[in-house]
Amino acid sequence: IYKSVNGGYNWNSLSSPYTSGYYALQFFDENTGWICGDSARLLKTTNGGIDFNSVNAGSESYISDICFTDQNTGWYSSGDKKIYKTTNAGLNWFVPHSNIFSAGTGAVNFVNENTGISFTFDNKILLTTNGGNEWTEHLTPPGKYINYVYGTDILNFWVIGDYGFIYHTSDG
């Protein structure tokens, strides 16, 4: 884990409590942030990375990505074919949806507390408009492999992947 305090000009190594791989992170400010990765690893810092505390994620598998819309409400995607949610700053995590996806889930991104996008590793785009309680699946053409998804607002979503494909929708 590395940190810069001068716009990326210099980087300092931070102490990591684990040697497993990390996949994603999100910080709210210079002090409070989350890191996720292998072995259901979910770490939180409230002091700028001086210490990272392990959080019980409730998952048995790797955690691909993490996204918060505010300090309390967040989601993470996992290899156990579910997307988890917290409404109390990560103290408790639960699965708000009843469907289990056909493969592990990759990146997850929410533009507000209701509207979000994710994907499965068998190349289905997942969209929700009710905070993750229900997800609709959208197929991609054969041979297209999704690597990342992102939303800028409730209508504009982006999907990128292998072999140079980029998808964009402006109608949600």
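Worth saying up front: this structure is predicted, and the values here are computed from it rather than measured. Numbers given for residues are sequential positions, taken from 1 along each chain in its written order. In keeping with the model being predicted, local features are shown solely for residues with a pLDDT of at least 70 and side-chain atom pairs are shown and tallied solely at 80 or more, while totals for entire chains, interfaces and linings include all residues. Heavy atoms throughout the structure, all of them, feed into the side-chain values; hydrogens and water do not.

1. Points about the environment of Arg41
By the secondary structure assignment, Arg41 is in strand β5 (residues 41-45). Assessed through its relative accessible area of 15%, Arg41 is described here as buried. In sequence terms Arg41 and Ser13 are 28 residues apart; their C-alpha atoms lie 19 Å from each other. Any pair of residues with heavy atoms lying within 4.5 Å of one another is described as a contacting pair. Apart from residues lying up to four places away in sequence, Arg41 is in contact with Tyr18, Ser20, Tyr22, Ile35, Cys36 and Ile63. Strands are runs of DSSP state E lasting at least 2 residues, helices are runs of H or I lasting at least 4, and numbering of each runs from the N terminus. Remark: exposure states derive from per-residue accessible area (1.4 Å probe, protein chains only) relative to the maximum for the residue type, with buried under 20%, exposed over 50%, and partly exposed in between.

2. What to know about the pairing of strand β11 (residues 116-120)
β11 sits mainly inside the fold: five of its five residues count as buried. Going residue by residue along β11, you find Gly116, Ser118 and Thr120 tucked away on one face and Ile117 and Phe119 tucked away on the opposite face as well. In short, DSSP must find at least two bridges between two strands for them to pair. Pairing analysis gives four bridges linking strand β10 (residues 105-110) to β11, with the strands arranged antiparallel. Its bridge partner being in β11, Asn109 is matched across the sheet by Ile117. Here β10 hands over to β11 after five residues, the two strands then running antiparallel side by side. Inspection of the sheet shows β11 paired to strand β12 (residues 124-128) by four bridges, in the antiparallel sense. Bridge assignment links Phe119 to a residue of β12, and that residue is Ile125. The turn joining β11 and β12, which pair antiparallel and follow one another in sequence, is formed by three residues; a positive phi near 70° is taken by Asn123.

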